[in-house]
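Here are the chains, one letter per residue:
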Amino acid sequence: MNSAIYPGSFDPMTLGHLDIIKRAAKMFDHLTVGVLDNKAKNALFSVEERVSILKEATKDLSNVSVDSFNGLLVDYAKQNDIHVSVRGLRAVTDFEYELQIAQTNRKLSDGSLDTVFLTTSLEYAYLSSSSVKEIAAFNGDISQLVPDFVVDIVHNKLKNK
């Protein structure tokens, strides 16, 4: 089976993430969306909440599953017999950072984990989870940035923080 993982924080998930997920799902027999439990980041949503949001957003994609992991991506990939990591690139600055991670993952995995880069669709090239949180924190309209059902979830989460 030709499988891949799309790892990330997804805090919150954006339409840019969904675009990469849908495109990667067409390229692989199975795509795992891996939600990283990164204790170093001050996340708005818990890992469980992010997994739930992603499961809802991808429910119509039969070859996509959502899971969470902590620790190294290479360890999760090895445990799950995954040999390709998918990463989205918005700009040249993303490439420099992502290339270093891809090379490190390849080295740590003894060459068994390759990275495929997908450039974001132009309509999402500016989009980041950080900008969604900032806009929402000031009661801005995020309806063109996240799936419809996520709009209220983000605003409610920020109200309750």
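Quick note: structure is the one above.
Reading guide: rules and limits
Residues numbered from 1 in each chain as written. Predicted model: local features only at pLDDT ≥ 70, side-chain atom pairs only at ≥ 80, totals over all residues. Heavy atoms only, no water. Helix = DSSP H or I, 4+ residues; strand = E, 2+ residues; numbered from the N terminus. Buried < 20%, exposed > 50% of the residue type's maximum accessible area, 1.4 Å probe, protein only. Pairing = 2+ DSSP bridges. Salt bridge = Lys/Arg side-chain N within 4 Å of Asp/Glu carboxyl O. Expected span 1.5 Å × (residues − 1). Contact = heavy atoms within 4.5 Å.

(A) Structural detail: unusual backbone geometry. Following Asp11, the chain continues into Pro12 via a peptide bond in cis, with omega recorded as -5°. With respect to the helices, strands and loops of the structure, Pro12 is situated in the loop between strand 1 (3-8) and helix 1 (15-27). The backbone of Phe10 sits at a positive phi, close to 55°, despite the residue not being glycine. Secondary-structure assignment places Phe10 in the loop between strand 1 and helix 1. Relative accessible area serves as the criterion here: at 4%, Phe10 is assigned to the buried category.

(B) A look at the pairing of strand 2 (residues 30-36). Of all 7 residues in strand 2, 5 are buried; the element is thus mostly enclosed. Pairing between strand 1 and strand 2: 6 bridges, direction parallel. For Ser3, the partnering residue across the bridge sits in strand 2 and is His30. As paired strands, strand 2 and strand 3 (residues 64-69) are joined by 6 bridges and run parallel to one another. When the bridges of strand 3 are listed, Val33 appears paired with Val66.

(C) How the structure looks around the pattern of salt bridges. On inspection of all chains with the given rule, the structure shows 7 salt bridges. A salt bridge links Arg23 to Asp19; the shortest N-O distance between them is 3.0 Å. One end of the pair, Arg23, and the other, Asp19, are both in helix 1, 4 residues apart, so they sit about a helical turn from each other. Judged by its relative accessible area of 28%, Arg23 falls in the partly exposed class. Note that Lys157 and Glu49 form a salt bridge whose closest N and O atoms lie 2.9 Å from each other. With a gap of 108 residues between them, Lys157 in helix 6 (residues 148-159) and Glu49 in helix 2 (residues 47-57) connect regions that are remote in the sequence.

(D) Looking closely at helix 4 (residues 92-108). Helix length check: helix 4, at 17 residues, gives a terminal C-alpha distance of 24 Å against a target of 24 Å (1.5 Å per residue), a fit within 8%. Looking at the buried side of helix 4, the elements it contacts are helix 3 (73-79), strand 4 (84-89) and strand 5 (114-119). Once helix 4 finishes, Asp110 follows within two positions and takes phi at roughly 55°, a positive value.

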